[in-house]
Amino acid sequence: AQSVSQHNHHVILSEAASLELGCNYSYGGTVNLFWYVQYPGQHLQLLLKYFSGDPLVKGIKGFEAEFIKSKFSFNLRKPSVQWSDTAEYFCAVKTSYDKVIFGPGTSLSVIP
Amino acid sequence: DTAVSQTPKYLVTQMGNDKSIKCEQNLGHDTMYWYKQDSKKFLKIMFSYNNKELIINETVPNRFSPKSPDKAHLNLHINSLELGDSAVYFCASSQAPGENYGYTFGSGTRLTVV
């Protein structure tokens, strides 16, 4: 069955530290990949997406992600986090016809 | 203007009751969805409609019944509510199924069954 896993359940960082959140998926075919962010008490918002082309994708708020097909991975990175990045981060994969599967989420806490 | 709006934002009800959650999008999108987010923040798709037609119906108890009167609306009706139905329910929309677009999510409805 198709699935999405995220390496860390909860990450705690100090401001200005670098961030990398891991995401792996299980599906052998063509995939579309997403990262969503959910700020406390809010709805999910799209951070970035990958469909084809350059495997290094840049999103909003200084986030980027790299698709490595051979590793079935789509890790999210940010060189320097801010307190306002405290949120839940979800990796998602779209495989078959319009079915998007979300990972379990990674909770990021940034300490000022 | 809110792109995807859900009502109510909070819903507290007793076991056994029937309740509805409404969702409307003003983006002109063709496809709408219902997702359930449990207490551990895990998101699971429940239903997907494209232009009023059901596309995805995951393994959801038949107490849950979506209704799409037009492509801008997708409501969720829940019969005989159970404690395990307590969760945050998110409505979302996208421009078309199978297209390379992300979802636009509503702000969620926090359902608490007591």
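As shown above, the structure is provided for reference.
Keep in mind the model is a prediction, meaning the values are calculated, not measured.

K.L.:
So what's going on with the nonpolar core? Residues and values would help.
P.N.:
Grouped together as the largest cluster of nonpolar side chains are 29 residues, with contacts concentrated most on Leu33, Trp35, Leu47, Leu48, Phe74, Leu76 and Tyr89 of chain A. For this core, the leading source of residues is strand β10 (residues 87-94) of chain A, giving 4 residues. With near-sequence residues (within four places) excluded, Leu33 of chain A lies in contact with Tyr25, Leu48, Lys49, Tyr50, Phe67, Phe74, Ala92 and Val93 of chain A. Of all hydrophobic cores here, the second largest spans 19 residues; its members include Trp34, Tyr49, Phe64 and Cys91 of chain B.

K.L.:
Describe in detail the interface of chain A and chain B, supporting the description with residues and values.
P.N.:
On the side of chain B, 25 residues touch chain A, which itself brings 20 residues to the contact. Between chain A and chain B the total buried area reaches about 1,800 Å² when both faces are included, carbon and sulfur atoms providing 56% of it. Here chain A and chain B share 0 salt bridges between them. Joining chain A to chain B, the criterion identifies 3 residue pairs in polar contact (both at pLDDT 80 or more). Examining the composition of the side of chain A that touches chain B, we find that 4 residues originate from one element, strand β5 (residues 32-38) of chain A, more than from any other. Residue composition of the side of chain A that touches chain B, grouped by class: 10 nonpolar, 5 polar and 5 charged.

K.L.:
Let's hear about the environment of Ala16 of chain A: which residues, and what values?
P.N.:
All names here are of chain A. Mapped onto the fold, Ala16 is located in the loop between β2 (10-14) and β3 (19-21). A relative accessible area of 54% means that Ala16 is categorised as exposed. Linking Ala16 and Val110, residues 94 residues apart in sequence, is a C-alpha distance of 9.1 Å. Setting aside anything within four residues of it in sequence, one finds Ala16 in contact with Pro79, Ser80 and Val81.

Calculation rules
- Residues numbered from 1 in each chain as written.
- Chains lettered and ligands numbered in written order.
- Predicted model: local features only at pLDDT ≥ 70, side-chain atom pairs only at ≥ 80, totals over all residues.
- Heavy atoms only, no water.
- Core = buried A, V, L, I, M, F, W, Y, C linked by side-chain atoms within 4.5 Å.
- Buried < 20%, exposed > 50% of the residue type's maximum accessible area, 1.4 Å probe, protein only.
- Helix = DSSP H or I, 4+ residues; strand = E, 2+ residues; numbered from the N terminus.
- Contact = heavy atoms within 4.5 Å.
- Buried area = accessible area lost by both parts, 1.4 Å probe.
- Salt bridge = Lys/Arg side-chain N within 4 Å of Asp/Glu carboxyl O.
- Polar contact = N/O pair within 3.5 Å; in protein donor to acceptor, adjacent residues only side chain to side chain.
- Nonpolar A, V, L, I, M, F, W, Y, C, P; charged D, E, K, R; others polar.

Read these as spatial facts, not as claims about activity.
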